[in-house]
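# Remarks on the overall topology
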Amino acid sequence: MLNRWIGILAFLGMVTVNTFLLTRDVLPTWLAGDPPRSCALQLSEGQSFTEQVGIFDAEGRRVGYAWSLCDRDLDLTTIRNYTYLYPLRLPQDISTPALRMDMVLRYRRDHRPDQLQVRVLGLGIPISLEGEFYPPDDFGCEWQVGDQRGKFVLPAHRLRALGDVLRPFESLADLRVGQSWHMETINPLAGLLPGWGAENMMTSQTLVRVVAREPIDFSGQRVDAFVVETQTTRAWVADNGRVLRQEIELPLFGRLVLVSEPYDNETRVAVLQNMIGH
């Protein structure tokens, strides 16, 4: 009799654990829906906005900046992202030069990408990625890392949600807890760091989940925010879509923390001019 109860309890425990794992890990992938529109894709004709992000290491020291400049005309929404990293001292006595990554992404009225241009400056070799929309739903890309070149094609609709490894989220509007979607991620440093091949400049899809709401201290205030997670990123997003904070784990770089800041155009111009000609 005792053995029967032990068997029943063990079975119920197994069912409970499997149900929990199914709910936590599998269902979000099955039920992943359309990605939330970024603030840029909600602009009306003639509107624009700017954003600045501070990049810090795990000890809280500033190691760079990121900026977004977005505008909308009659047919296209244009997003210009600039990321700058100071020279970094990495493990195993490795030092990086100052790095600058520029990304220009243009979206059509139906929110599918029309053109993509990515450049990395500071490493002394050409690193680029260019993409273009081809009807009915193809987005053809060409990449270059030094002497290596390659091409690939993605379904254009998959790029409605697009980030990069140094700044996964630009803005996320109209979130709700339990929401999930897939995001493509650009890795412009592919081929330069251990474990990253140049052919993986555009990584496979990443599952994004809105897992909770929780308070966060931001600019001296307590703000209720959505908590958004991927396998390598945890972000806190305000109700208006502003990404207040992102924590990212990257090979070799370790943990980076991105914090939204007041936009300062003079700082942007001065910092980015350091990389002109590289």
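Above this text is the structure in question.
A brief report on the enclosed structure follows.

Definitions and cut-offs
Residues numbered from 1 in each chain as written. Predicted model: local features only at pLDDT ≥ 70, side-chain atom pairs only at ≥ 80, totals over all residues. Heavy atoms only, no water. Phe/Tyr/Trp six-rings, centres within 6.5 Å; stacked < 30°, edge-to-face > 60°. Buried < 20%, exposed > 50% of the residue type's maximum accessible area, 1.4 Å probe, protein only. Lys NZ or Arg CZ within 6 Å of the ring centre and 35° of its normal. Salt bridge = Lys/Arg side-chain N within 4 Å of Asp/Glu carboxyl O. Helix = DSSP H or I, 4+ residues; strand = E, 2+ residues; numbered from the N terminus. Arc of directions from axis to C-beta. Contact = heavy atoms within 4.5 Å. Polar contact = N/O pair within 3.5 Å; in protein donor to acceptor, adjacent residues only side chain to side chain.

Attention now goes to the packing of aromatic side chains. Under the counting rule described, the total for this entry stands at 2 aromatic pairs. Measuring from centroid to centroid gives 5.2 Å for Tyr65 and Trp67, while their planes differ by 10 degrees, and the two rings are stacked. Residues Tyr65 and Trp67 agree in their burial class; the two are buried. Between Tyr84 and Tyr86, the aromatic rings sit 5.7 Å apart at their centres with planes inclined by 80 degrees, giving edge-to-face as the arrangement. Positioned above the aromatic ring of Phe226 is the side chain of Arg213, whose terminal nitrogen or guanidinium carbon lies 4.5 Å from the ring centre.

Evaluation of the coordinates by the stated rule reveals 19 salt bridges. Of the charged contacts in the structure, one is a salt bridge between Glu51 and Arg167, with a shortest N-O distance of 3.0 Å. Here Glu51, found in strand E1 (residues 48-57), pairs with Arg167, found in the loop between strand E11 (162-164) and strand E12 (180-186); they are 116 residues apart in sequence, far enough to count as distant. Each member of the pair, Glu51 together with Arg167, is buried. Here Glu247 and Arg255 are joined by a salt bridge, their closest N and O atoms 3.2 Å apart. Take Arg255: its relative accessible area is 27%, and that puts it in the partly exposed class.

As a further point, take helix H2 (residues 265-273). A turn of α-helix holds 3.6 residues, and therefore any two residues three or four places apart point the same way. Among the residues of H2, those classed as buried are Arg268, Val271 and Leu272. The buried residues of H2 occupy an angular sector of 90 degrees when the element is viewed end-on, so they sit on one face. Looking at the buried residues of H2, the elements they touch are strand E2 (62-72), strand E3 (77-85) and strand E6 (99-107). A side-chain oxygen of the first residue of H2 lies 3.1 Å from the backbone nitrogen of Glu266; this N-cap is Asp264.

Counting through the fold element by element, Val257 comes out in strand E17 (residues 254-261). Separated by 200 residues in the primary sequence, Val257 and Asp57 place their C-alpha atoms 6.1 Å from one another. Once residues lying within four places of it in the same chain are set aside, the contact partners of Val257 are Gly54, Ile55, Phe56, Asp57, Arg245, Gln246 and Glu247.

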